[in-house]
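Architecture at a glance
In case you want the letters, here they are:
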Amino acid sequence: MFFSGDPSTRKRVDLGGRSTKERDAPKLLEQTRMERNRRLLQKQQNAAALKIQKFFRGRRSVAIERSKVRREFCETYGNNCQNVDRNCFEPGSSFLRQLLFFFKAQNSGDFVILVETCRLLKIFTHSNGDILSLFSGLDYSAEHNLVDFRVKKLAFTCIDAIHHNSRDRLRDQLLVTTEEASTSTAILMEAMSLVLDPKLPWVCKTVSYLQKRHIFQLVRDIVITAKESPRGQTMIGSILSLERVLILVVTHVGREPCCCPVVDPRWSFSSMILTIPLIWQLFPNLKVVFANPNLSQHYIHQMAFCIQKDTHVLPTDTSAEFPGYACLLGNTLETANVVLSQPDCSLDMAVDIASVATFLLERLPPVKSSERESKQSSSEEDDMLIDDIPEFVLNKTLEQQITTNAIDSRFLLQLTNVLFHQVSLGTQPYDEEKEARAIGTASSFLYAAFNTLPLERIMTVLAYRTELVVVLWNYMKRCHENQKWSSMPNLLAYLPGDAPGWLLPLVVFCPVYKHMLMIVDNEEFYEREKPLSLQDIRLLIIILKQALWQLLWVNPLTQPSTGKSVSNNLSKKNPVGLIQNRAGVVVAELLSQLQDWNNRQQFTSSSDFQADTVNEYFISQAIAEGTRANYILMHAPFLIPFTSRVKIFTTQLATARESHDHGSQAIFARNRFRIRRDHILEDAYNQMSALSEDDLRGSIRVTFVNELGVEEAGIDGGGIFKDFMEKITRAAFDVQYGLFKETVDHMLYPNPGSGMVHDQHLQFFHFLGTLLAKAMFEGILVDIPFATFFLSKLKHKYNYLNDLPSLDPELYKHLIFLKRYKGNIAELELYFVILNNEYGERTEEELLPGGKDMRVTNENVITFIHLVSNHRLNFQIRQQSSHFLRGFQQLIPKECIDMFNEHELQVLISGSADSLDIDDLRQNTNYTGGYNAGHYVIDMFWEVLKSFSTENQKKFLKFVTGCSRGPLLGFKYLEPAFCIQRAAGSASNEAVDRLPTSATCMNLLKLPPYQSKEQLETKLMYAISAEAGFDLS
């Protein structure tokens, strides 16, 4: 406060021992750390500055020294080497030492000197013919270290000079031919070719040096730059100087007599050169050299080894449409055909080729071959369980290179022959591990190919040009009989250890065999038993059934609610999941197809297709959506007994009816039809077509009008509607009406010429589809025998050659004749056209665009056969079937129909074709009005009914229930139960003179107490045959 006499500023000291600048310990520690880091950074900066200065001074000194040596060189040998003679290349001369020291590729003067040096080298070599003495003088062994060093440096300097000048000075000279000897590039390449002569002692050391300096990367850059130039598009097929150099280098793989060390895969020929787009078009001679078994085996095995070790060795893609892995795949496949055709091609070689192709195929986007196949694959994409793939499009030429070679019949045949040689022929003792390796490798490749390449083309080749089906079946059969499946995961690195051994072979076998069954004819399958015997097929069904049950129920992977479980990312971590889902799809498809063959002509019991452990719990679960059992019901319904599926189907329909009619009485239905019996079709069409989809689900009550225009007396409680449905379906589907035709077996299918009969024929087909669906929705059986190939349309299925006999057996015989014709089919003068003949009007239609000018030959006859089949079975009735299906699906969804095959669907529509089971009806009959099961009139009644013909029994059933067909599952399920009521209190003459009457809405028979069996038979026969409508009651 007051001046003390001391002018200096005194520090204030905290007697507590703490500085005022120090706040706390953490802050002090942080300050210390920051100060230490600052000092360290300063030290590093100083050290870096010293290194930079040292490097700069060194580089400057070298540049100064180079300039000095360059001046000395020019003074001694001239700016254009005009003072150089052959002695200048010898070890004692400073010519090459000075040149290789000062040379800079960017320096135009240095480049001119190098070109002139190489030109002189070529001249001196050709004049004397001895390049060894040119470089080494009289004694190579004495100076070999110096000579080898100069030669390898010269060779690298040549390729490096071209690489550095490839984008400017030499842009149009990169792809020169051997004939263009005057160009700079050709001179440099010729010099390299001279020093890389395989006979020279330094060649291995030179090649090793070039490989260490990444020669293949330099060549890759040169080629890619050259292909961008206009000249690069015109040099395809020429013998190029660069190609000659590559041929000389690529053969050095470290095998006798070569002593070159193994090259790092990242800079190898495979990684750098084979990933150049369409390299073989540019270097066809190199392709021939690479196809040498020893050479290709080394490089392909190197690629396979990198794949097994999951080593990334591919360079950066040249462009988005030319990814490196796709280029590598295309170039490898193009040479694989030649490699596999060699008689000494080993199993190891085939395994390596297949492994590399599999790895690369899995990274390709799917390739489609046709519009139809694209549609089929898109509809099956959910089944295959593949998530969205990043959208990118391969170059069309590259895509064609991959597709053409991968599905080439020779390649697939040779690959499978080499892999299966010992397996199929049994020329050597059985080796289980070798067989499993061959089967696993082939299956892996084909599975990847199925997911990527055009499926239809590859399936045809595998089914008819290879022994794949037989070999895979024999393998699976042997494993099943021995109860021991070889462990594929131990042999295939990407499969986890818990993958079942049958999974991979099955996922390949099923689609190939399924494709074969589409084309095989009935005689081949049933009589010749090709490709598999019927006994083998019975065993196959058991194996497939067990595998499918294991996949879908015992050890499922899918979530039933979505059918998906494996995303694209997860499938990479667990690829067995993706394969397992696909296996479930293809096994179910094959079993379904084998069931169709069994329905066509039975060769095994229908129960063989059913799972052994389906119980009531499973059935209760199957009804509920989102459960595992419901998923099986939708995707593999044949595993569940037919009667159980019918119960589920009827339960679903009953639930739909109850939910619609909830809260209202059926007798007071709002939809009432007034139908004239002599105009039943027209009245039904007009009134039913006016109903909405919701109205169609509701009850419909019918009043019939007789020929006199008077309404009949019956009150529709359901029986009259059933009678109406039976009569309307009989009239609408009558062939005389022109909408349907009959096969030779009297089965119905849409008339291809219906448009010539009815102008509104498509609207009528929509109405008929709705009519049939209404009958099924109400549980009414109608006696309409549909052709199997038409019922398949209700399931959105294609028909194939083996369905044709039911439509046109004569055409089928002619097509089979063509299929087996041994002569020259072209001589038969057939073309890709078909002749239609409807109601006397003959029209010619092309099966393919330009088909009238396309002759049928031995090469395309199979295509012709299936185009004809497709035209008759699918194309001709496509419009009619489509409109029928639209009407049908207004009431019956596709999911309900998918539970049944075509033969089962016919039973759903019409009931069993067998005669009525009278004993079943008797066991499920009630009695009232004084009758009982032991009454003498009842005993007479059942004796009379049993004596009736099948036709009269159907009339009786129609008389009492309104429908001539019994319930699908037997009379136990008739609603309400059949009842016989006594019609009169006494057996007076007046009472027994009465006719039996019925109440079809209650399934009730009013039967008078007749005195004799003959009287009962007479009266009952008269009543059921009168057809007096409902006035009789």
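Below: a short report on this structure. None of the values given here were measured: they were computed from a predicted structure. (Residues numbered from 1 in each chain as written. Predicted model: local features only at pLDDT ≥ 70, side-chain atom pairs only at ≥ 80, totals over all residues. Heavy atoms only, no water.)

1. Describing the packing of helix α15 (residues 347–361) against helix α20 (residues 432–452)
Note the following rule: To get an axis, a line is fitted to the C-alpha atoms, and for a helix only the part in contact is used. The angle between two axes follows their N-to-C directions and goes from 0 to 180 degrees. The helix and strand labels rest on DSSP assignments: H or I over at least four residues marks a helix, E over at least two residues marks a strand, and numbering proceeds from the N terminus. Any angle from 65 to 115 degrees is called roughly perpendicular, while one under 35 is roughly parallel, one over 145 is roughly antiparallel, and all others are oblique. Take the far helix as your reference; a near helix turned counterclockwise from it by less than a right angle gives a left-handed crossing, and one turned clockwise gives a right-handed crossing. Two residues qualify as a contact provided that any one of their heavy atoms is within 4.5 Å of a heavy atom in the partner residue. Any residue outside Ala, Val, Leu, Ile, Met, Phe, Trp, Tyr, Cys, Pro, Asp, Glu, Lys and Arg is labelled polar, Gly included; the first ten of those are nonpolar and the last four are charged.
One can describe the packing of α15 onto α20 by two numbers: an axis separation of 9 Å at closest approach and a directional angle of 30°. As judged from the angle between their axes, α15 and α20 are roughly parallel. Crossing handedness for the pair α15 and α20: left-handed. Every residue of α20 that contacts α15 at Leu347, Asp348, Val351, Ala354, Ser355, Ala357, Thr358 and Leu361 is listed here: Lys434, Arg437, Ala438, Thr441, Ser444, Phe445, Ala448, Ala449 and Thr452. For the contact of α15 with α20, the residue count by class is nine nonpolar, five polar and three charged.

2. Regarding empty space enclosed by the protein
The test is simple: The rule is simple: put a 1 Å grid over the protein atoms alone, call a set of points where a 1.4 Å probe fits but cannot get out a cavity, call an open set with protein on both sides within 12 Å along at least five of seven lines a pocket, and count a residue as lining if it has an atom within 4 Å of a point. Grid points are joined across faces, edges and corners, and a volume is the space filled by probe spheres set on the points.
Within this structure, the stated rule accounts for three cavities of 30 Å³ or more. The calculated volume of the largest cavity comes to roughly 70 Å³. For the largest cavity, the full set of lining residues is Gln211, Phe216, His252, Val253, Pro261, Val262, Val263, Ser268, Phe269, His298, Tyr299 and Gln302. Counting residues per element, the lining of the largest cavity draws most heavily on helix α13 (residues 293–308), which supplies three residues. Taken together, the residues of the lining of the largest cavity break down into seven nonpolar, five polar and no charged. Volume-wise, the second largest cavity comes out at about 40 Å³. Taken together, Leu412, Leu415, Thr416, Leu419, Ala442, Phe445, Leu446 and Leu462 form the lining of the second largest cavity. Elements supplying a minimum of two residues to the lining of the second largest cavity: α19 (409–425) and α20. In terms of residue count, the dominant contributor to the lining of the second largest cavity is α19 (four residues). Along the lines of polarity and charge, the residues of the lining of the second largest cavity split into seven nonpolar, one polar and no charged.

3. A look at helix α18 (residues 396–406)
Going by this rule: Only protein chains enter the calculation, and the probe is 1.4 Å; a residue is then buried if its accessible area is under 20% of its type maximum, exposed if over 50%, and partly exposed in between. Any N or O atom pair separated by 3.5 Å or less is treated as a polar contact, with the protein-specific requirement of one donor-capable and one acceptor-capable atom, and with residues adjacent in sequence counted only for side-chain atom pairs.
Looking at α18, one finds that the buried residues are Leu398, Glu399, Gln401, Ile402, Thr403, Asn405 and Ala406. The distance from a side-chain oxygen at the start of α18 to the backbone nitrogen of threonine 397 is 2.9 Å, and the residue carrying that oxygen is asparagine 395.

4. Some points on the sheet that holds strand β8 (residues 978–982)
What counts is decided by this rule: For two strands to count as paired, DSSP must find a minimum of two bridges between them.
Here we have four strands laid out as an open sheet, ordered β7-β8-β10-β9, and mixed in their pairing. Two strands bound the open sheet, and with one partner strand each, they are β7 (925–928) and β9 (997–999). Between one strand axis and the next, the sheet turns through 25° on average, direction left out of account. Pairing between β8 and strand β10 (residues 1004–1007): four bridges, direction parallel. Note that in β10 the partner of arginine 982 across the bridge is leucine 1007. Sheet strands touched by helix α42 (residues 936–947): β7, β8 and β10. Its angle to β8, the strand with the most contacts, is close to 130°.

5. Remarks on the nonpolar core
As a reminder, the rule being used: Throughout, nonpolar core names a set of buried Ala, Val, Leu, Ile, Met, Phe, Trp, Tyr and Cys residues whose side chains join them through atoms within 4.5 Å.
Core analysis: the largest hydrophobic core is formed by 277 residues, its most contacted members being Phe135, Phe509, Tyr513, Phe724 and Ile892. Ranked by residue count, the leading element in this core is helix α25 (residues 534–554), at twelve residues. The residues touching phenylalanine 509, leaving out its near neighbours within four places in the chain, are Val469, Leu472, Trp473, Met476, Leu532, Leu540 and Leu590. Ile918, Leu921, Leu945 and Ile1024 belong to the second-largest nonpolar core, a separate cluster that totals 29 residues.

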